[in-house]
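Observations on the model geometry
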Amino acid sequence: MKNTQRNKTDDKPKKNKPSKKKRNKRAIAHLSETQRKIRELLLGGSQWKATFDVVYSAILVVNVPATDIQNANKTLKFITEVKWKAVFDFDANSNKNGICKVMNLKKDVKLCELKDTAELKSPSDVPKWIVCNGRSHNDALDKMSWIKERSRYMDTAVEFLLDTIQQPGIVIFILLPNCIEILSEAFRKFYTDFGIHRIIFICEQREVFDQWCKLVKRYCLQDELEERLVVVPLQILNDTILRMQGVNVKSDYILPTVDGKGCRLSEKQRSKWDDLSVITYNECDNTDMNKDHPDFDIFRKDTELDFYKGEEVSLWNFKFNDMGYNHVCKRDVQCRMVEAIDNTIKRPKQQLEIPEKTVFHWFHLFHQPGAGGSTVMKHVLWEFRKRYRCILLNKITDKTETQILDMWNYGERECKRLPLVVVSDNVSGAVLNDMVRSLEYKTKDIPRRRKCIIVNCERYISQHELPTLDECKFALKQSLNDTEKRWFKEKHNKLTIKKESDKDFEPDRLLAFMVMKENFKTEYVENAVGRMIKELKEHRIKEFMLLTFCSLFSNFERNTAIPIPCCDVFFGFRSSTSKGRKVPEPCISDDCSLLTITVDMPEVGNVKGLKIVHPIVADCILKDENVEPLVSIMTTFLKSNLLSANSEYLAARTHDLLIKRSQTGFLTTPYQQFSALILAIKDKQEACDVLIQGFCTLKDPIIAQQIARYYSYVLEDHAKALKFIDTAINMTRDNTISMGRGNNSFLFDTKGQIYKHELQRAFYCKYVEKHEILHLDDSCGLLFLAFEGINNFHRSQEIDKNNMASVSGELRIAFEMLDVLDCLETSADERKTLQRYLIDKTYEPDMLGKWTEYHGQMKNLMGNINDAIDTLINYVTIHKELSKMESEKIEKNITSSLRSWKAHFGSVAIDKVNDASVKTDLRRLEVRKQLFGYGSEQPFELDKVVYGSEKLFKLDETSLVTIQQLLMENKHSYSAFDLRIIILTNLALSAVNVNRCQPIEDVIKLAKSLYECDEKGYYTLYAPLFLLMLLWPGSHEHRGLYEYDDKLWMKKSLNDIKSRWSTSQRGDKNKDGQLQHHPLYGRHLKHQRIRKKPSVHFFLGSGKGMSAIVHHSQIPGNQKELESENDHVWKSSFVDKNLLKVEGMLSDKNNITFKHTSTDKPIQLPLASTSNRTVTSREEVVFYIGFSWRGPVAYYVKPKSTSHRIEPSVNAPIPPEP
């Protein structure tokens, strides 16, 4: 990164791209000599359209300007247009009336002190404005004081900056007359680290430069300084750089508004919405690029040719389409989507058969790679830009929802908004759904007529995988219809005519265009690519290798580009790190340029990356006869210096290439056993060797985990599998390597899975599937594998209690062990002995003497299995918004586990056992049998009362009472299980026959006991939920100290339920995120927000005692209808008769202030409904209360003035007697 002094043969930085001399000559023919020198110093021989802030990491160093702020705003406007990596500002008043203020008027900057090195090192898209001589006139120091107090910080700041930039830096000194002495002291560090060939001096007056030379002559010769100098008026400098930057915005953007007048949008405000690309009403119209611009024809030509070569479509392509230049083919699917979205937005309410329940409407475009899906989506936004608010999502972060809402509301009145169209292009479906759910909650007050259209653009590998289409789902395949074929044929003819006068229009050099023109047939591409690949292999071997690497990523990890700085290192273009010779920067060949494109890489910063022009071209490259097999390409890549270029991004993408388990990098496809690349390597050992080489290169524990899985599942080498998973676990114990992540729950889960797979291979297949007889002497090996696996699953759960994969793995290995034990060579009596051995903790028969070292684990086996089943049931019970796939997978595991449970745990008569503790366990076992034995498909009802509760009420009264009585016999040693089931039984009985319930006071005592049991280590959400809803009515018979005690418990449960919910979600990490992203890549990724919502199962009733709690299944409507404020549900006779309507005040659009007599402060109740309400803040309202796992929630909120019946919120407690 650190650069050298100039080389006499080549002292000008060049961009790593093929030169386009003819185009350059036309572009700069009318420039003055001074302007040419500015251009050459900033760009060298680079192409016309390049900007120096893309070629290099641009750094500005400036002192105190002599002009006032108004004049500086005109003469130094270019400062606001350049994407600076950092600015070193020596003007103490810059933020008040200097250059920093000029910048701040247009863009945000991040002010840093010189000594704030941590701020300098932190990644940011906002330029770092480094205050070098104080922030006010009083802080400014003279030269000697600055050297003494601040020069050491200057050295450190430059070093930290060099650590963060991933491209060669170029430093521009603007030498203004004031305070130039201090600036000369700062020059020393830049000269030492960058070298004179990466520094440019610009000044208005020759006298200033002569003074500068005298000040810095001890560092370098004046001749060296002269070669890097431009003496030019600031206004000419400003005009020249603005012109080099290409298209310049000359006025504010305009957003369309409801009233049709539009509102102005400043560039600074637009830049704050960095997660979004906002397509404005006057997009491309508010610039200086028009037919009168001297470079208009060149710009139009470049924009067209770049698109046809495979570059991403520009909005200017659509603009030129509108001007009649016909750059882009209007696809049939685009017309159909525009019509469908328009119809949805304009559809009158009277035409709706079902009332709309949300402002959000989904459309989907499923497209094959390279078919033009991204172009179609941008064309759709271009069509809508003047009628609706239009957004293209750049990325999704925790700020995205706020930015979308800010943009939607910008310049509009509170209650009026134009429809919004949001396009997501190949963003993870789970992340997009998560964001939209959050938006739904935040837009509850928006009228349904104000619609937001979410257009999700997803890639699919082949047309056979495309989902079923309907009026909201569209497909774009790798094929053209007749109209589209005709357009491409006519365009090809026009290009052929143009090439006679301009060779740049040669169609055969426009590969992306020709792929489309040939209707995606590979024959043409294979021939063209074959010729170029052969030529490159013979004469340009490094370019040939780079193309194969790019093709590897294009085929198996879509949307990945290789950063240009990494390519510089690979080719040896970068400068050496010490003073002396500078490595020359030769140009890339035309063939390589034709096969690749450069793309923006916003996840890395202001960096360009190299990609193959089209997926079909990449596929043809990898299949070409001159190209080595995949394993050779990947091995060469992993050993190359590309990954030594200090690129976190490329290391992370290589990590994904090796371990991401979705097909060719698409998140929409089902998970596979290994990454698409590893599965594509046919030789199993070679595939494993690639993983091992990846681990050696990246030193990544997650790759070691994949090696362990491969040895276990594919090569079936148990010893090596354990070796690599232990390596991964030991690496994550080192926080330095794992970036502070600590132990990874999923690594221990994988170790458990390895033991499970070995148990299946060595025992299950042999004895269960092949029906061989297991001898007792051979069973110890089985027990060793099983309990080693179970121990690792337990360790996984200790790290992350929400890792349901490890819970399911524990159940699977336990039941597989029991299945194998069923194959023991035993008699019928011995089999009963084995069953009793598993159930009775004190029973150790002589026949099982060989199991002595496993007795303790065998005795705990049933309890561990019960806890694991409870964990799965509780997980799906508590979380309302699990994905359908996740929910079905867990429920399938529960069902199969319960069936296995019934098969393995037989009955032992309670009356034949003398030990009291064994009798207690057997009663619990009997209860579990009754609970799990009800029903054939879903045999787990009572313990899952708040999940499948409509089936719960099929249990008859006698069964519920029997369960209750069995567990109440354990009253001298209640467990958390006993207490929980007794409370749930009472809740179930309250719906069947409330007279058979225990008094509510006794149930409250049980809930308090459960709370105390929880605090000893069980710690669930049940205790605070039960106590909160049982104490909430506040109309119990007891008085005096009990009432005071209840108030304390009420406050405790209200606070505790929120904190326990938050704690339960904190460890709920996304499995894919843990497994599939390189630890160094964390800053390039969105933080995955936890948005699992707590279920609501009980409501506050109008009855007394246990009748004050009503289960949701008794209400005539499902959960969605309850939340949508469906009148036919909430105005039903059952609700009117059985639920209690209470009063409160709407404090804001999301919360109600509610005063409960048992709390000192009002309670804030969140609103459950996502429907529109006709209530305003600070208005008195009436509503119903539901109890969720996070606390009370308000339902069906209506103005108090319109309510026909109002009940008191809570009966006032009777004061204690004196």
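Residues numbered from 1 in each chain as written. Predicted model: local features only at pLDDT ≥ 70, side-chain atom pairs only at ≥ 80, totals over all residues. Heavy atoms only, no water.

1. Examining helix H25 (residues 541–556)
Over its 16 residues, H25 runs 23 Å from end to end, which matches the ideal 22 Å to within 8%, given 1.5 Å per residue. Burial analysis of H25 places 13 of its 16 residues in the buried class, the great majority of the element. (Helix = DSSP H or I, 4+ residues; strand = E, 2+ residues; numbered from the N terminus. Expected span 1.5 Å × (residues − 1). Buried < 20%, exposed > 50% of the residue type's maximum accessible area, 1.4 Å probe, protein only.)

2. What about the sheet that holds strand E5 (residues 169–175)?
On the basis of which strands lie adjacent, the open sheet formed by seven strands has the order E3-E4-E2-E1-E5-E6-E7 and parallel pairing. Every other strand in the sheet has two partners, leaving strand E3 (110–113) and strand E7 (229–231) as the edge strands with one partner each. Between one strand axis and the next, the sheet turns through 20° on average, direction left out of account. Sheet topology note: the strand E2 (residues 84–89)/strand E4 (residues 128–131) ladder contains four bridges and is parallel. (Pairing = 2+ DSSP bridges. Axes fitted to C-alpha atoms, helices over the stretch in contact; angles between N-to-C directions.)

3. Details of the pairing of strand E21 (residues 1142–1148)
Judged from the four bridges that link them, E21 and strand E24 (residues 1180–1188) form a sheet pairing that is antiparallel. Within E24, the position partnered with valine 1142 by the bridge is phenylalanine 1183.

4. Points about the sheet that holds strand E15 (residues 473–476)
The strands making up a sheet are joined through hydrogen bonds of the backbone, oriented either antiparallel or parallel. Spatially, the six strands line up as an open sheet ordered E10-E12-E13-E14-E11-E15, and their pairing is mixed. Both edges of this open sheet fall to strand E10 (276–279) and E15, since each of them pairs with a single strand only. Taking the axes of each pair of neighbouring strands and ignoring which way they run, one obtains an average angle of 20° across the sheet. Summarising the sheet, strand E11 (residues 360–367) and strand E14 (residues 452–459) pair through eight bridges and their orientation is parallel. Following the sheet pairing, tryptophan 362 is matched in E14 by isoleucine 454. Packed onto the sheet, helix H20 (residues 400–409) meets E10, strand E12 (389–393), strand E13 (420–425) and E14 and runs at close to 160° relative to E12. (Contact = heavy atoms within 4.5 Å.)

5. Remarks on the pattern of salt bridges
Evaluation of the coordinates by the stated rule reveals 44 salt bridges. Between lysine 106 and glutamate 267 there is a salt bridge, with its nearest N and O atoms 3.1 Å apart. With a gap of 161 residues between them, lysine 106 in the loop between helix H7 (99–104) and E3 and glutamate 267 in helix H15 (residues 267–272) connect regions that are remote in the sequence. The pair lysine 106 / glutamate 267 is uniform in exposure class, with both members buried. Beyond isolated ion pairs, a larger network of salt bridges with shared partners links Glu557, Arg653, Asp656 and Lys660. (Salt bridge = Lys/Arg side-chain N within 4 Å of Asp/Glu carboxyl O.)

6. Overview of the packing of aromatic side chains
The way to describe two aromatic rings as a pair is by their centre distance and the angle between their planes. Scanning the model with the defined rule gives 47 aromatic pairs in all. Taken together, a centroid distance of 5.8 Å and an interplanar angle of 45° make the contact between phenylalanine 173 and phenylalanine 201 tilted. One end of the pair, phenylalanine 173, is in strand E5; the other, phenylalanine 201, is in strand E6 (residues 199–203), with 28 residues separating them in the sequence. Across the pair, exposure class does not vary: phenylalanine 173 and phenylalanine 201 are buried alike. Relative to tyrosine 308, the ring of phenylalanine 307 has its centre 5.8 Å away and its plane inclined at 40°; by these criteria the two rings are tilted. (Phe/Tyr/Trp six-rings, centres within 6.5 Å; stacked < 30°, edge-to-face > 60°.)

7. Points about the environment of lysine 386
Structurally, the position occupied by lysine 386 is in the loop between helix H19 (373–384) and E12. Apart from the residues within four sequence positions on either side, lysine 386 is in contact with Pro256 and Tyr281.

8. Thoughts on the confidence of the model for the protein chain
For the protein chain, the mean per-residue pLDDT works out to 79, and 79% of the residues sit at or above 70. Below pLDDT 50 for its whole length, residues 665–670 participates in 17 contacts with residues either more than four positions away or in separate chains. Predicted confidence for residues 1067–1090 stays below pLDDT 50, and this span has 73 contacts to residues more than four positions away or in other chains. (pLDDT = per-residue confidence, 0-100.)

9. Digging into the side chain of threonine 344
Inspection of the secondary structure assignment puts threonine 344 in helix H18 (residues 332–346). For threonine 344, a relative accessible area of 7% gives the class buried. Within the local environment of threonine 344, its side chain forms a polar contact with the backbone oxygen of alanine 340, the two atoms lying 3.0 Å apart. Not counting residues up to four positions away in its chain, the partners in contact with threonine 344 are His361, Phe363, Lys451 and Ile453. (Polar contact = N/O pair within 3.5 Å; in protein donor to acceptor, adjacent residues only side chain to side chain.)

10. Digging into the pairing of strand E1 (residues 57–62)
Sheet faces and side chains relate simply in a regular strand, where the side chains alternate between the two faces. Most of E1 sits inside the fold, with six of its six residues counted as buried. Here E1 shows two buried faces, one formed by Ser57, Ile59 and Val61 and the other by Ala58, Leu60 and Val62. The sheet contact formed by E1 and E5 spans six bridges and is parallel. Residue pairing across strands places leucine 60 opposite isoleucine 172, the latter belonging to E5. Pairing between E1 and E2: five bridges, direction parallel. Considered in E2, the bridge of alanine 58 is made with tryptophan 84.

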